[in-house]
Amino acid sequence: MDIQRAGASAAAYSKPVTGAPRCVQALGSELGEGLVWSVREQALYWVDILARHLHRWDPASDNYQRWTFAEEISALAERAHEPGLFITLRRGFALFNPATDDEPRYLHQPEPERAANRFNDGKCDAQGRFWAGSMDFACEAPTGALYRYDPDGQCTRHDDGFAVTNGPAWSHASAPDGMGGSDAGQGVALFFNATIEGCTYRYDFDPAAGTVSNKSVWKQWAAEEGLPDGMTTDAEGRLWIAHWGGHCVTCHDPVTAAELGRVTLPVSQVTTCAFGGPDLRTLFITSARVGLTPAQLEAEPLAGALFAVSVDSPGVPAHLFGG
């Protein structure tokens, strides 16, 4: 990267101003993940993958609901044209309407030959397609892949060879209204975490075709920083990344990967983050307690809790699944 480009980017992206993190739901989740703020419901959805729970919380009324599934649920998006949710279960893609359904309905299971895998993180792009990663349940074998599931039912594998996948997130230039952050001149990018390898990849993203190309290492994380987990982008185009084992969420310049800000949390296993609230200026953060020793759990009584942090600039609304 040339010095002029890096310098211009660093000058363009501001440091975020954040409040102190506060615990808003002390549920003790085994593996909290899958945060989505529903603009139309003004409520937060998230999951506990290993406990097989879907959670919904309305901050205004403090109404909390929970659904339990027969297998792991890992990620979700609201549907654009129908009520309910598009979700990933252990084996693939499904639909579930919390208001009416007793069980989810599978749409597609893309890798039946990989019996030791499960799906993990995922999100919709601005065009209504759902991108999700699979992973080895034991977090060891490089059997995970990156998929795109389209509203018409087409499923495409775009990359392969990951032990644990997290993300994706897109540069702000992929927003549906055509707005671009300071990285807009660099083209639309998709970011994807190879968590066990401690690596965040960047792909060039073609919004019209729904394809990725020119994979490159965006950041190789030092061991003391923990492992890159779930992530999101804000309205300015900055990338926010949760650190498994790192006690924090960090905010980054999407071009240079320079750290612009940090939220330190009282738990070590920080799993993902998403913007929500009426003005999208609250960063919600999930965490996990799985694998912690009794001594660690005693030192981290809020492990597995849901946290909230006020941020001076907003996020962008979660994209809806087009089916």
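As the structure is a computational prediction, the values presented were derived from the model and not from experiment. (Residues numbered from 1 in each chain as written. Predicted model: local features only at pLDDT ≥ 70, side-chain atom pairs only at ≥ 80, totals over all residues. Heavy atoms only, no water.)

**Q** Help me get a handle on the overall build of the protein chain, residues and values and all.
**A** Within the protein chain, the secondary structure is distributed over 2 helices and 24 strands. Whereas a compact globule of 323 residues would reach a radius of gyration of roughly 20 Å, the protein chain reaches 18 Å, a difference of no more than 12%. For the protein chain, the spread of C-alpha atoms along the three principal axes comes to 55 × 45 × 40 Å. Within the protein chain, the fraction of its 323 residues that count as buried is 54%. Long-range contacts, defined here as pairs at least 24 residues apart, represent 50% of the contacts in the protein chain between residues at least 6 apart. Accessible surface for the protein chain amounts to roughly 12,500 Å². Of this, 51% is attributable to carbon and sulfur atoms. Between the mean site of the 24 positive side-chain charges and the mean site of the 40 negative ones, the protein chain shows a separation of 1 Å. (Helix = DSSP H or I, 4+ residues; strand = E, 2+ residues; numbered from the N terminus. Rg over C-alpha atoms; globule rule 2.2 N^0.38 Å. Buried < 20%, exposed > 50% of the residue type's maximum accessible area, 1.4 Å probe, protein only. Contact = heavy atoms within 4.5 Å. Areas by Shrake-Rupley, 256 points an atom, 1.4 Å probe, with all protein chains shown as cover. Lys, Arg positive; Asp, Glu negative; His and termini not counted. Charge placed at Lys NZ, Arg CZ, Asp CG, Glu CD.)

**Q** Tell me about the nonpolar core, and name the residues and values.
**A** Note on soluble globular proteins: their nonpolar side chains tend to be buried together. Core analysis: the largest hydrophobic core is formed by 20 residues, its most contacted members being W240, V249, L265, V270, L283 and I285. Residue assignment for this core shows that the elements contributing at least two residues are strand 19 (239–244), strand 20 (248–252), strand 21 (259–264), strand 22 (270–276), strand 23 (282–287) and strand 24 (306–310). Among the elements that line this core, the one with the most residues is strand 22, at 3 residues. For V270, the residues in contact, after removing those within four places along its chain, are D229, A242, H243, W244, G245, H247, C248, V249, L265, I285, T286 and S287. Counting residues in hydrophobic clusters, the runner-up holds 16 residues, among them V47, L54, F69 and L85. (Core = buried A, V, L, I, M, F, W, Y, C linked by side-chain atoms within 4.5 Å.)

**Q** Talk me through the pattern of salt bridges; I want residue IDs and the actual numbers.
**A** Inspection of the entire model under this criterion finds 16 salt bridges. Salt-bridge contacts for E72 lead to R52; the nearest nitrogen and oxygen are separated by 3.2 Å. One end of the pair, E72, is in the loop between strand 5 (63–68) and strand 6 (73–78); the other, R52, is in the loop between strand 3 (43–48) and strand 4 (53–58), and 20 residues separate them in sequence. Relative accessible area serves as the criterion here: at 5%, E72 is assigned to the buried category. Among the salt bridges present, the one from E113 reaches R114, with a minimum N-O distance of 3.5 Å. (Salt bridge = Lys/Arg side-chain N within 4 Å of Asp/Glu carboxyl O.)

**Q** Break down the sheet that holds strand 2 (residues 32–38) for me, with residues and values.
**A** In spatial order, the strands read 2-3-4-5; together these 4 strands make up an open sheet with antiparallel pairing. At either end of the open sheet lies a strand with only one pairing partner, and these are strand 2 and strand 5. With strand direction ignored, the average angle separating the axes of adjacent strands in the sheet is 15 degrees. As judged from the 5 bridges shared by strand 3 and strand 4, these two strands associate in the antiparallel manner. Bridge pairing links L44 to W57 in strand 4. (Pairing = 2+ DSSP bridges. Axes fitted to C-alpha atoms, helices over the stretch in contact; angles between N-to-C directions.)

**Q** Residue-level account of the packing of aromatic side chains, with values.
**A** Pairs of aromatic rings are described using the distance from one ring centre to the other and the angle between the two planes. Within the structure shown, the criterion is met by 18 aromatic pairs. One aromatic cluster in this structure is built from F86, F93, F119, F130, Y147, Y149 and F321. The ring of Y201 carries the charged tip of K215 above its face, separated from the ring centre by 4.3 Å. Across from the ring centre of W221, 4.9 Å away, lies the NZ or CZ of K219, which sits over that ring. (Phe/Tyr/Trp six-rings, centres within 6.5 Å; stacked < 30°, edge-to-face > 60°. Lys NZ or Arg CZ within 6 Å of the ring centre and 35° of its normal.)

**Q** Now, about the state of the cysteines: what can you tell me, with residues and values included?
**A** Tallying each qualifying case throughout the model produces 0 disulfides. Take C23: it sits in no disulfide, and the sulfur closest to it among the cysteines is that of C273, at 17 Å. With relative accessibility at 33%, the residue C23 sits in the partly exposed group. Of the cysteine sulfurs around C155, a residue in no disulfide, the closest is that of C124, at 13 Å. (Disulfide = S-S within 2.5 Å.)

**Q** Which residues make up the sheet that holds strand 21, and what values do they have?
**A** Reading across from one edge, 18-19-20-21 is the order of the 4 strands in this open sheet, with antiparallel pairing throughout. Each end of this open sheet is capped by a strand with a single partner; those strands are strand 18 (227–233) and strand 21. Pairs of neighbouring strands in the sheet enclose a mean axial angle of 25 degrees, with direction left out of account. With 5 bridges connecting them, strand 20 and strand 21 associate as antiparallel partners. From the neighbouring strand, V249 faces strand 21, where its bridge partner is V263.

**Q** Explain the pairing of strand 10 (residues 117–124) residue by residue, including any values.
**A** Most of strand 10 sits inside the fold, with 8 of its 8 residues counted as buried. In the sheet, strand 10 pairs with strand 11 (residues 130–136) via 6 bridges, with the strands oriented antiparallel. By the bridge assignment, R118 is partnered in strand 11 with M135. What sits between the antiparallel neighbours strand 10 and strand 11 is a turn of 5 residues, in which G128 has the positive phi angle 85 degrees.

**Q** Go over the side chain of T282 with me, naming the residues and quoting the values.
**A** For T282, the location among the structural elements is in strand 23. Residue classification places T282 among the buried positions, given a relative accessible area of 13%. Contacts of T282, omitting those with residues within four sequence positions, involve R22, A274, F275, G276, A308 and V309.

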